[in-house]
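Examining the three-dimensional arrangement
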Amino acid sequence: MITDETSATLRRRAALNNAGWCDAVCRAHGLSPRYEGGDLWLSPVRTPPLYPDAVTLDPGVGAASVLPPIDTGSRGCSVKDSFAALDLSGDGFEVLFEAQWIHRPAGAPVPTADPSAPRWSEVRDAAELAAWEAAWDGEEATGLFRPSLLGGDTVFLAGRVGDRIVAGTVAHSCAGAVGVSNLFARDGIGTDTAWAGALTAIAARRPGLPVVGYEHGEDLDSALRSGFTAIGPLRVWLHTA
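As a starting point, this report considers the structure included with it. Everything numeric in this text was worked out from a predicted model, so none of it was measured. All residue numbers refer to position in the chain's written sequence, counted from 1. With the structure being a predicted model, the display of local features is reserved for residues of pLDDT at least 70 and the display and counting of side-chain atom pairs for 80 or more, all residues being used for whole-chain, interface and lining totals. No hydrogens and no water enter the side-chain calculation; it runs on all heavy atoms of the structure.

**A look at empty space enclosed by the protein**
In this approach a probe as big as a water molecule rolls over the atoms, and the regions it shows empty are the leftover space. Whether a set of points on the 1 Å grid over the protein atoms alone is a cavity depends on a 1.4 Å probe fitting there but being unable to get out, while an open set qualifies as a pocket with protein on both sides within 12 Å along at least five of seven lines; lining residues are those with an atom within 4 Å of a point. Grid points are joined across faces, edges and corners, and a volume is the space filled by probe spheres set on the points. Under the criterion given, the structure shown has one cavity of 30 Å³ or more. Roughly 50 Å³ of internal volume is contained in the largest cavity. Split by residue class, the lining of the largest cavity holds five nonpolar, one polar and two charged. Just so you know the grouping, Ala, Val, Leu, Ile, Met, Phe, Trp, Tyr, Cys and Pro go in nonpolar, Asp, Glu, Lys and Arg go in charged, and all remaining residues, Gly too, go in polar.

This is the structure we're talking about:
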C-alpha cells in the first residue's frame, strides 16, 4: 500500500524526472532553462510547443516564485503545477487539463504481449526519428524532437509491424526513475498493447528503475490496467489572456 508520505515522495520523483525531460527537449532547441533551487524548473524563453515554461517541484512553491521569471506576456505560456497546488486563474491562466502522476515499481511483472503485437526497437538515427515523430503526430514530423536527444538518458522506442511504426513512446531516465511520455498507438493497435510492448522494452533496458509518468482519461485507465498506480494529481495551466 502506498501511504500519503510515500505518495508525496514518489510524486516529487516523477516531477523531477519530467522536468529533466523538459530540460532535455529545451536544450535540444538551443534554450537555456534552469532550476531554481530544488523547488522549480523554468525557461525564461518560450519553450517548444507542448512543453511547459515552468514545472513546480515542491507543493509549497507559490505563483510569486513561478511567474516573474517566465514569459507570461506571450499567449500560450504554460505552467505544470505538479502538485495541483497553485491557483493562477487571477493571472490570466486557465486550466488546460488535469491528470494523475503514475508509478510502476522496479521489477514489476510486465504485461503479456500478444504474439501478433508489434516488435519494439530503439530509434537510432535522424531518419528513424522523423518517421517516429510523423507516426506520433499522425501527419508529419515538425522537428519537435531533435536528433541530439537520441542516446544517453533518452530512448525513443518504436513498435513496428513490418516497416510501419504503429506505436511508440519516449523513455527518459533521471532522478532515479524512467519517465514514460508520448505513448501512442495507431492503425488498430490498442493502447494496452502499446503499454505491454513499451514496458517490456523498458524493462530490458532499465531493469532496476521504477517507471513514472502522467496520464488522464482513457489513457490513465489503460496505464492502471498495465500495472501503474495513480499517486496524485497535477494540473497544466495555460496563459490565455
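**Considerations on the layout of surface pockets**
Reported here for the largest pocket is a volume of approximately 830 Å³. What lines the largest pocket is a set of 40 residues, and nearest its centre among them are L50, F97, S181, N182 and Y214. Secondary-structure elements contributing two or more residues to the lining of the largest pocket are α1 (4-28), β4 (78-81), β5 (93-104), β9 (177-185), α4 (191-205), β10 (211-215) and β11 (229-239). In this description a helix means any DSSP run of H or I spanning at least four residues, a strand means any run of E spanning at least two, and both kinds are numbered starting from the N terminus. Broken down by element, the lining of the largest pocket gets its largest block of residues, seven residues, from β9. Here the lining of the largest pocket is built from residues that sort into 23 nonpolar, 12 polar and five charged.

**Some details on the pattern of salt bridges**
A pairing counts as a salt bridge when a side-chain nitrogen of Lys or Arg comes within 4 Å of a carboxyl oxygen of Asp or Glu. In the structure shown here, the tally under the stated rule is 11 salt bridges. Between R34 and E36 there is a salt bridge, with the nearest N and O atoms lying 2.5 Å from each other. Given a relative accessible area of 35%, E36 falls into the partly exposed group. For E122, the salt bridge goes to R124, with nearest N and O atoms at 3.3 Å. Burial classification: accessible surface area is computed with a 1.4 Å probe over protein chains only, and a residue below 20% of its type maximum counts as buried, one above 50% as exposed, and the rest as partly exposed. Judged by its relative accessible area of 62%, R124 is exposed.

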